[in-house]
Amino acid sequence: MGNINACVDLQRDGDVAVIVMDNPPVNALGFALRDGLMQAFARARDDAGVRLVVLTGTERAFSGGADITEFGKPPREPNLRQVITAIEDLPKPVVAAIQGVALGGGLELALGCHYRVAAPKARLGLPEIKLGLLPGAGGTQRLPRLIGIEKALEIIVTGDPVPAPAALALGMVEAMLDGPFPAAAVAWARQNATAPRRLRERTDKLEPARADAGLIDRVAAPLLKRARAQQAARACAEAVRAAAEKSFDEGAALERQFFMELVKSDESKALRHVFFSEREAQKVPNLPAGVEPRKVLRAAVIGAGTMGGGISMCFANAGIPVTVIETSQEALDRGLGRVEGNYNTSVKRGSITADEAARRRALLEGKLDFAAIADADIVIEAVFEEMELKKQIFRELDRHAKPGAVIASNTSYLDINEMAAVTSRPGDVLGMHFFSPANVMRLLEVVRGAKTSPEALATAVAVGRAIGKVPVVVGVCDGFVGNRMLARRGAQGERLLLEGALPQEVDRALTDFGFRMGPFAMGDLAGLDIGWRLRQARGTRAIVADALVEAGRLGQKTGKGYYAYGADGRTPTPDPEVEKLITDASASLQIQRRAISQQEILERLLFPMINEGARILEEGIAARAGDIDVIWLHGYNWPAYRGGPMFYAGLVGLPYVASRLEAFADASGDASLRPAPLLARLAASGEGFGSVGTARG
Ligand code: CAA
């Protein structure tokens, strides 16, 4: 508890006032912190014994920026701009002493100070664009004045944080200090902070842009192309242009106007929903208090196929030794060879050094005997999707794994409870569903079986995080959350082809929506035989998809699938043969083909998925709508600025989604398209999916 208020402390070190922000966890600049800063700086200004001020935070954070939870609520003064102006106006030199992060409003606060020093591990940035916003407290005006237009634009439009050494080289900070903090900063201030210096009065760094009218567009163009939140990116560029072309006050007013517009945009609401949903998903629902994850120092993976190899790499990359088990030397050599190849590619691309690759490779060992899993704290089975084979392996794992080891299956749809039942320790069994390529995709569905213990679950989630994944806990059902919803989309894709659409039209509806690939191009990439095999096993059919496979069109790997692939083997081109195959299929079913609008295609693909998401929520397979959104963002490349399927449904309006589903069900006679009871109920009551579980809407 500080002596100014609960978030701010003012200490004296001789003639230096040290103002400490302490608002855990990350010094978000909520009302109490802003108010405390206002009071502390007034006291420092009025105290004749104070010659200099050092503003600092905690080791974790100088400040993580504006308090995002306050967005959309009535503003309370002092606002952040008033605090920053009061600091900048102080007639005594103010030094920002930055440890940990100075992000968004946190960096803007530091830019209001007259000098900045940082610890070597500090990170400085303006990540607002990642929330669909622009820096709203002078950042677009002060940063260009400090480091020039070009670098400022890059930092603002990418949103990527700058590590302290790079910040020093750019001139964002005057010095890098080893510490201890704040003593080292006080000593530095006594030596160097001679007089107040106000960034808003500085113009020298703006001169190149003022002398060259095309400069900003040249620098901004490639940055805008790559930016994920387009509306925010354009606003960032315009605000920086104003810094060059107008006065500070005019530029700051324009920045403010953009901020107020963006904070109300769907793009920003979606990205803020994603920010909180990702953090909420990490909180495992219904875990008894006090449950701690078990220590995991060593892992084992059963199977060195594509998935097994990728999963093993995740452990090695995180510094955890991993043993890979195979049944034959040949299969093992092939699997480890593929891993080696992946590392070599990373070295060639420059993403890791040869030494680093060798270090990771050394953490991976191959064995032909289940006895080699005896030391592993977690064992992940990643063999072919066949229940009898999995059960056989689970019996072996039960025999050889040490007591307390977590035993997981990387199945994408099979029943974990059946596997658990063949072991003597169902409490330690769960699913860990990785997405291909496992060493790249971040989603991890952690499947909680009927008997999975809280400790085992907490351990799997902690391991997932340790290996850089985004773990989301789900319940047992066919396909879990992601693939169960995907199946609904797949069925509609096939239906749309039969009714009159072509693959490229269906794919375009989703790429225009923001997906990187449509379902058919994606199917060609993954291999159409995967779905075919699954349908064979289940005794189901998909007329078009099956006909393609049976004609030898398995996707990119055979040079043709839903599309033909040219010389590079990767660029899809519409193929008249496929069109004929589809129209023949329609004719054989006596379906009169018709023109289908892009809007209908989009709704037919997305709304049945959302409906399935509602069933998943209702059954408790996912605990929160936000969890489903996180799964789609990280496992299926749902565009972040659209917030995830359940959030998107709220934007479109649940009553509209429900009414369209009714219409689809009427037109097709497919009763599974009728709105799920939860969707119907929420549509009628006017509530959103966020009201279910503990997710934020
Ligand atoms: N506002 C409110 N809460 C915040 C927050 C913020 N700016 N930043 C972090 N938090 C919360 C998180 O929600 C999380 O809460 P729970 O523990 O309840 O889930 C907690 O702080 C810890 O966050 P992380 O789990 O993310 O911790 P970390 O150590 O991994 O990362 C961080 C810390 C780098 C600061 C990261 O949280 C982050 O990137 N935060 C967002 C930073 C940001 O975007 N700031 C700009 C805000 S917009 C702005 O400032 C506008 C303006 O110009 C006026």
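Residues numbered from 1 in each chain as written. Predicted model: local features only at pLDDT ≥ 70, side-chain atom pairs only at ≥ 80, totals over all residues. Heavy atoms only, no water.

- The chain appears in an unreviewed UniProt entry as 3-hydroxyacyl-CoA dehydrogenase NAD-binding domain-containing protein from Limobrevibacterium gyesilva.
- Quoted straight from UniProt, the Subunit (unreviewed entry) entry for the chain says "Monomer."
- The Pathway (unreviewed entry) comment attached to the chain in UniProt states, word for word, "Lipid metabolism; fatty acid beta-oxidation." (UniProt positions renumbered as here; feature names shortened; annotations may be inferred.)

### What about the pattern of salt bridges?
As a working rule, side chains carrying opposite charge can pair if their charged atoms are close by.
For step 1, the next point in the chain: Summed over all chains, the structure comprises 51 salt bridges.
For step 2, the next point in the chain: Between E550 and R541 there is a salt bridge, and its shortest N-O distance comes to 3.6 Å.
For step 3, the next point in the chain: Assessed through its relative accessible area of 48%, E550 is described here as partly exposed.
For step 4, the next point in the chain: It is possible to trace a salt-bridge network through shared partners that takes in R484, R488, E612, R615 and E619. (Salt bridge = Lys/Arg side-chain N within 4 Å of Asp/Glu carboxyl O. Buried < 20%, exposed > 50% of the residue type's maximum accessible area, 1.4 Å probe, protein only.)

### Notes on the UniProt feature "domain: 3-hydroxyacyl-CoA dehydrogenase C-terminal" (unreviewed entry) in the chain
For step 1, the next point in the chain: Per the UniProt record, "domain: 3-hydroxyacyl-CoA dehydrogenase C-terminal" (unreviewed entry) is found at residues 479-565 and 601-687.
For step 2, the next point in the chain: Between the C-alpha atoms that bound residues 479-565 the distance is 30 Å, and the span itself is 64% helix and 2% strand.
For step 3, the next point in the chain: The distance separating the terminal C-alpha atoms of residues 601-687 is 26 Å; by composition the span is 70% helix and 0% strand. (Helix = DSSP H or I, 4+ residues; strand = E, 2+ residues; numbered from the N terminus.)

### Quick word on the site of the ligand
For step 1, the next point in the chain: Around the ligand, the surrounding shell holds 25 residues, and the nearest of these are A66, G105, E108, R279 and K283.
For step 2, the next point in the chain: Taking E108, its side chain carries an N or O atom lying 2.6 Å from an oxygen atom of the ligand.
For step 3, the next point in the chain: Every element with two or more residues in the shell around the ligand is listed here: helix 3 (105-112) and helix 12 (266-281).
For step 4, the next point in the chain: Counting residues per element, the shell around the ligand draws most heavily on helix 12, which supplies three residues.
For step 5, the next point in the chain: In terms of residue class, the shell around the ligand is made up of 14 nonpolar, five polar and six charged. (Near = heavy atom within 4 Å. Polar contact = N/O pair within 3.5 Å; in protein donor to acceptor, adjacent residues only side chain to side chain. Nonpolar A, V, L, I, M, F, W, Y, C, P; charged D, E, K, R; others polar.)

### Quick notes on unusual backbone geometry
For step 1, the next point in the chain: Looking along the chain, the bond that leaves P24 and enters P25 is cis, with omega of 0 degrees.
For step 2, the next point in the chain: In this fold, P25 is placed in the loop between strand 2 (16-21) and helix 1 (31-46).
For step 3, the next point in the chain: Residue P78 is reached from E77 by a cis peptide bond, and omega for that bond is 5 degrees.
For step 4, the next point in the chain: The phi dihedral of N286 falls on the positive side, at around 60 degrees, and the residue is not glycine.

### A few points about the packing of helix 19 (residues 482-499) against helix 26 (residues 625-635)
For step 1, the next point in the chain: For the pair helix 19 and helix 26, interaxial distance at closest approach is 10 Å and the crossing angle is 75 degrees. Regarding the angle of helix 19 to helix 26, the classification is roughly perpendicular. In contact with G482, M485, L486 and R489 of helix 19, helix 26 contributes I628, I631 and W632.
For step 2, the next point in the chain: Across the contact of helix 19 with helix 26, the residue classes break down as five nonpolar, one polar and one charged. (Axes fitted to C-alpha atoms, helices over the stretch in contact; angles between N-to-C directions. Parallel < 35°, antiparallel > 145°, perpendicular 65-115°, else oblique. Contact = heavy atoms within 4.5 Å.)

### Brief notes about the UniProt feature "domain: 3-hydroxyacyl-CoA dehydrogenase NAD binding" (unreviewed entry) in the chain
For step 1, the next point in the chain: The residues that UniProt annotates with the feature "domain: 3-hydroxyacyl-CoA dehydrogenase NAD binding" (unreviewed entry) are residues 299-475.
For step 2, the next point in the chain: Within the segment residues 299-475, helix and strand shares are 42% and 21% respectively, and the terminal C-alpha atoms sit 24 Å apart.

### Observations regarding helix 4 (residues 139-147)
For step 1, the next point in the chain: Most of helix 4 sits out of view: nine of its nine residues are buried.
For step 2, the next point in the chain: One or two residues past the end of helix 4 sits G148, with phi positive at roughly 95 degrees.

### Quick notes on the environment of E250
For step 1, the next point in the chain: Its location among the elements puts E250 in helix 11 (residues 248-263).
For step 2, the next point in the chain: A relative accessible area of 47% places E250 in the partly exposed class.
For step 3, the next point in the chain: When the C-alpha positions of E250 and A239 are compared, they lie 9.9 Å apart, and in sequence the two are eleven residues distant.

### Quick look at the packing of aromatic side chains
For step 1, the next point in the chain: The full count for this structure, using the stated rule, is 13 aromatic pairs.
For step 2, the next point in the chain: Seen from their ring centres, F275 and F276 are 5.2 Å apart, and the 85 degrees between their planes marks the pair as edge-to-face.
For step 3, the next point in the chain: Accessibility expressed as a relative area gives 26% for F275, which makes it partly exposed.
For step 4, the next point in the chain: The class for F276 is buried, based on a relative accessible area of 18%.
For step 5, the next point in the chain: Taking the centre distance of 6.5 Å and the plane angle of 85 degrees together, the rings of W632 and W638 count as edge-to-face. (Phe/Tyr/Trp six-rings, centres within 6.5 Å; stacked < 30°, edge-to-face > 60°.)

### With respect to the packing of helix 1 against helix 2 (residues 80-89)
For step 1, the next point in the chain: Two elements in contact, helix 1 and helix 2, have axes separated by 10 Å at closest approach and are oriented at 20 degrees. In this view, helix 1 runs roughly parallel relative to helix 2, as classed from their interaxial angle. Two packed elements cross with a definite hand, and for helix 1 against helix 2 that hand is left-handed. Contacts between helix 1 and helix 2 pair R34, L37, M38 and F41 from the former with L80, Q82, V83, A86 and I87 from the latter. (Left-handed = near helix turned anticlockwise from the far one by under 90°.)

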